[in-house]
Amino acid sequence: MKNSSIFSRWNLRQVVNASGTMTALGASRIVPEAQEAMTEIAGEFIHMDELLDRASDAIQRLTGAEAGFVTASVSSGLVVAMAACMTGADRGRIMRLPDTEGLPTEAIIQVGHLVDYGTTVELSLRLPGGKPVPVGSVSRTHDFQIESAINERTACVVYVVSHHTVQYGMVPLERVVEVAHARNIPVIVDAASEYDLRGFLEKGADIVIYSGHKFLGGPTSGMMAGRKDLIEACRLQNLGVGRPMKIGKESIAGLIGALEAWEARDHAGIRRDEDRRIDAILEGLSGVKGIAAQKIPDPTNNPLDRVMVHVFPEKAGMTATELAEALANEPTPIVVRGHEAELGHFLLDVCNMRDGEETVVCEAIKRLVA
Ligand SMILES: *Cc1c(COP(=O)(O)O)cnc(C)c1O
């Protein structure tokens, strides 16, 4: 039985992931250092509190934060951070949630940050009893709108970093922090898909939450970094709303392993490999009928580029949406980054591709539009 691959044993289709760190496809390849740590701890007993302390040490080292905590995901991290801003370290309050009688519950958030990443940011804030307070409009938020939304019920301001957010007209993090801190309100940053492990804290954020399973290449997990008292309040939520989101020893160990690997990783070398794959795709798609490919930088300034594939239906015989669907229907599905397909293009992300897969993708596109 074990001689067969997991794909045939469990009747799963292997996927060519040209879409990036998408959780729906398994997020990222778990790096060997994380896999080894997970296997090593799997059959052992430890005090979970000690393991969480070691995770906090590693998170502090990499982020420069005062403390760190690990929960199940960024989605969970938002729940836990929202709860922490409402209850502080008061165990009575923690165990009473989502009953929020008498607690500050409001989470101020710019309308352009109310994104859907598979579920909504709003849902995570509501789960522990928080109340999102959207400020501004879909195209513009002023700092004074944040300022005037702050009152005695305000628990926090939430700031989302993502290609999904409105990329213009929003109040930048530095200014959000100034406005919030002037009234002693903490700022929570959702940086799920960001490489920069220090910048948001350096700009004054009080809690920053990263997905362990995206660029870090760890197991599914939510890494929280921030102010000591708030992170302690996050950790105490395991007595309350954090409990259903609690993470096991294997995932905590895996995240620590991934962080150690991140410190040692040849980031420039990986970038060079990615650039080589991007160049191969640009070359492979040049001259293909109805297709124009172009290299574009990451919208949130992560150190990576992607290939934007424009599809001209009158020449290609199909729209960008149809081509993306046709690729997904290949015997070995090829999944592209298609959230903008209605605009006539999709993106190819090489960060999770294996060598040779760039050729597979180009050949499939050529065949499908022929
Ligand atoms: C991926 C993503 C999430 C969800 O992260 P999980 O760790 O999978 O819950 C939340 N916010 C943003 C901006 C994301 O990109």
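Residues numbered from 1 in each chain as written. Predicted model: local features only at pLDDT ≥ 70, side-chain atom pairs only at ≥ 80, totals over all residues. Heavy atoms only, no water.

**Some thoughts on the overall build of the protein chain**
Operational definition: Strands here are runs of E lasting at least two residues and helices are runs of H or I lasting at least four, both read from the DSSP assignment and numbered beginning at the N terminus. For the radius of gyration, the atoms used are the C-alpha atoms, and the globule rule reads 2.2 Å times the number of residues raised to 0.38. Only protein chains enter the calculation, and the probe is 1.4 Å; a residue is then buried if its accessible area is under 20% of its type maximum, exposed if over 50%, and partly exposed in between. Whether two residues touch is decided by their heavy atoms; if any such pair falls within 4.5 Å, the residues are in contact. Note on areas: Shrake-Rupley, 1.4 Å probe, and residue coverage restricted to the protein chains presented here. Counted as positive: Lys and Arg. Counted as negative: Asp and Glu, with His and the chain ends omitted from the count. Where a charge sits is defined by one atom per residue type, namely NZ (Lys), CZ (Arg), CG (Asp) or CD (Glu).
Across its full length, the protein chain holds 15 helices and twelve strands. By the compact-globule yardstick of 21 Å for 370 residues, the protein chain fits well, its C-alpha radius of gyration being 22 Å. With the C-alpha coordinates of the protein chain rotated into their principal frame, the extents come out at 65 × 50 × 35 Å. Residue burial in the protein chain is summarised as follows: out of 370 residues, 52% are buried. Partitioning the intrachain contacts of the protein chain with sequence separation of at least 6 by distance along the chain shows that 71% fall at a separation of at least 24. Within the structure as shown, the protein chain displays about 17200 Å² of accessible surface, and the carbon and sulfur contribution to it stands at 51%. Each charge sign in the protein chain was given a centre, from 37 positive and 49 negative side chains, and these centres are 2 Å apart.

**Side note on the site of the ligand**
As a reminder of what qualifies: Whether a residue is near a molecule or strand is decided by its heavy atoms; if any one of them lies within 4 Å of it, the residue is near. Polar contacts, as used here, are pairs of N or O atoms within 3.5 Å; protein pairs need one atom able to donate a hydrogen and one able to accept it. Residues neighboring in sequence count only if both atoms are side-chain atoms. In this count, Pro and Cys sit with the nonpolar residues alongside Ala, Val, Leu, Ile, Met, Phe, Trp and Tyr, while Asp, Glu, Lys and Arg are called charged and the others, Gly among them, polar.
Around the ligand, 13 residues are found, and the nearest of them are Val 74, Ser 75, Asp 190, Ser 211 and Lys 214. At 2.9 Å, a backbone N or O of Ser 75 approaches an oxygen atom of the ligand. At 2.7 Å, a side-chain N or O of Ser 211 approaches an oxygen atom of the ligand. In the complex, 90% of the free accessible area of the ligand, which totals 390 Å², lies under the protein chains. Partitioning the shell around the ligand into residue classes produces four nonpolar, seven polar and two charged.

**Concerning the packing of aromatic side chains**
Condition: Put simply, two rings from Phe, Tyr or Trp (the six-membered ring, in Trp's case) pair if the centres are within 6.5 Å, and we call them stacked under 30 degrees between planes, edge-to-face over 60, tilted for the rest.
What the rule picks out here adds up to two aromatic pairs. Plain terms: the ring middles of Tyr 195 and Phe 215 are 4.4 Å apart, the flat faces sit at 45 degrees to each other, and that makes the pair tilted. One end of the pair, Tyr 195, is in the loop between strand E6 (187-190) and helix H9 (199-202); the other, Phe 215, is in the loop between strand E7 (207-211) and strand E8 (222-226), with 20 residues separating them in the sequence. Ring plane angle 55 degrees and centroid distance 5.4 Å describe the contact between Tyr 195 and Trp 262, whose orientation is recorded as tilted. Taken together, the residues span a long stretch of sequence, with Tyr 195 in the loop between E6 and H9 and Trp 262 in helix H11 (residues 249-264) at a distance of 67 residues.

**Regarding the side chain of Arg 306**
On the secondary structure map, Arg 306 appears in strand E10 (residues 305-311). A polar atom in the side chain of Arg 306 sits 2.7 Å from the side chain of Asp 349. Among all residues touching Arg 306, those that are not within four sequence positions of it are Ile 278, Gln 294, Lys 295, Ile 296, Asp 298, Pro 299, Arg 337, Leu 347, Leu 348 and Asp 349.

**A look at a negative patch on the surface**
To keep it simple, the criterion reads: Only residues whose relative accessible area exceeds 30% and that form no salt bridge enter a patch; like-charged residues are grouped when within 9 Å of one another, and nonpolar side chains (Val, Leu, Ile, Met, Phe, Trp, Tyr) when within 5 Å. Salt bridge criterion: a side-chain nitrogen from Lys or Arg within 4 Å of a carboxyl oxygen from Asp or Glu.
Taken together, the side chains of Glu 33, Glu 36, Glu 40, Glu 44 and Glu 260 make up a negatively charged region of the molecular surface. Of the residues forming the negative patch, the biggest block, three residues, is contributed by helix H2 (residues 32-42).

**Observations regarding the pattern of salt bridges**
Applying the stated rule across the entire model yields 21 salt bridges. A salt bridge links Asp 57 to Arg 54; its shortest N-O distance comes to 3.1 Å. Taken together, the residues Asp 57 and Arg 54, both in helix H3 (residues 48-63) and three residues apart, mark about one turn of the helix. Residue Asp 57 is classed as partly exposed on the basis of its relative accessible area, which comes to 36%. Using a relative accessible area of 45% as the deciding quantity, one classes Arg 54 as partly exposed. In this structure, the salt-bridge partner of Arg 277 is Asp 355, at a minimum N-O distance of 3.4 Å. Here Asp 355 lies in the loop between strand E12 (345-348) and helix H15 (357-369) and Arg 277 lies in helix H12 (residues 267-285), a separation of 78 residues in the sequence.

**Some details on the environment of Gly 222**
With respect to the helices, strands and loops of the structure, Gly 222 is situated in strand E8. Accessibility expressed as a relative area gives 0% for Gly 222, which makes it buried. When the C-alpha positions of Gly 222 and Pro 104 are compared, they lie 24 Å apart, and in sequence the two are 118 residues distant. When residues no more than four places from it in sequence are discounted, the contact partners of Gly 222 are Phe 69, Val 70, Thr 71, Ala 72, Ser 73, Val 74 and Tyr 210.

**Focus: the domain arrangement of the protein chain**
Here is the rule we go by: These domain limits were set by an automatic method or by a database of domain assignments. What gets called buried area is simply the loss in accessible area from a 1.4 Å probe that two parts show on being joined, summed for both.
When its domains are assigned, the protein chain resolves into domain 1 (5-23 + 267-369) and domain 2 (32-264). Taken together, the contact pairs eleven residues of domain 1 with twelve residues of domain 2. When the two sides are added together, the surface that domain 1 and domain 2 hide from each other amounts to roughly 1100 Å², 60% of it contributed by carbon and sulfur. Taken together, the links from domain 1 to domain 2 amount to zero salt bridges. Taken together, the links from domain 1 to domain 2 amount to four residue pairs in polar contact (both at pLDDT 80 or more). Broken down by class, the residue content of the side of domain 1 that touches domain 2 amounts to four nonpolar, six polar and one charged.

**Here's the deal with H12**
Since there are 3.6 residues in each turn of an α-helix, residues three or four apart along the chain are aligned in direction. Defined as follows: To estimate the expected span of a helix, subtract one from its residue number and multiply by 1.5 Å.
Spanning 19 residues, H12 covers 27 Å between terminal C-alpha atoms, matching the ideal 27 Å at 1.5 Å per step. Looking only at H12, the buried set comprises Gly 269, Glu 274, Arg 277, Ile 278, Ile 281, Gly 284 and Leu 285. Looking at the buried side of H12, the elements it contacts are strand E9 (291-297), E10, E12 and H15. Two residues or fewer after H12 comes Gly 287, characterised by a positive phi angle close to 85 degrees.

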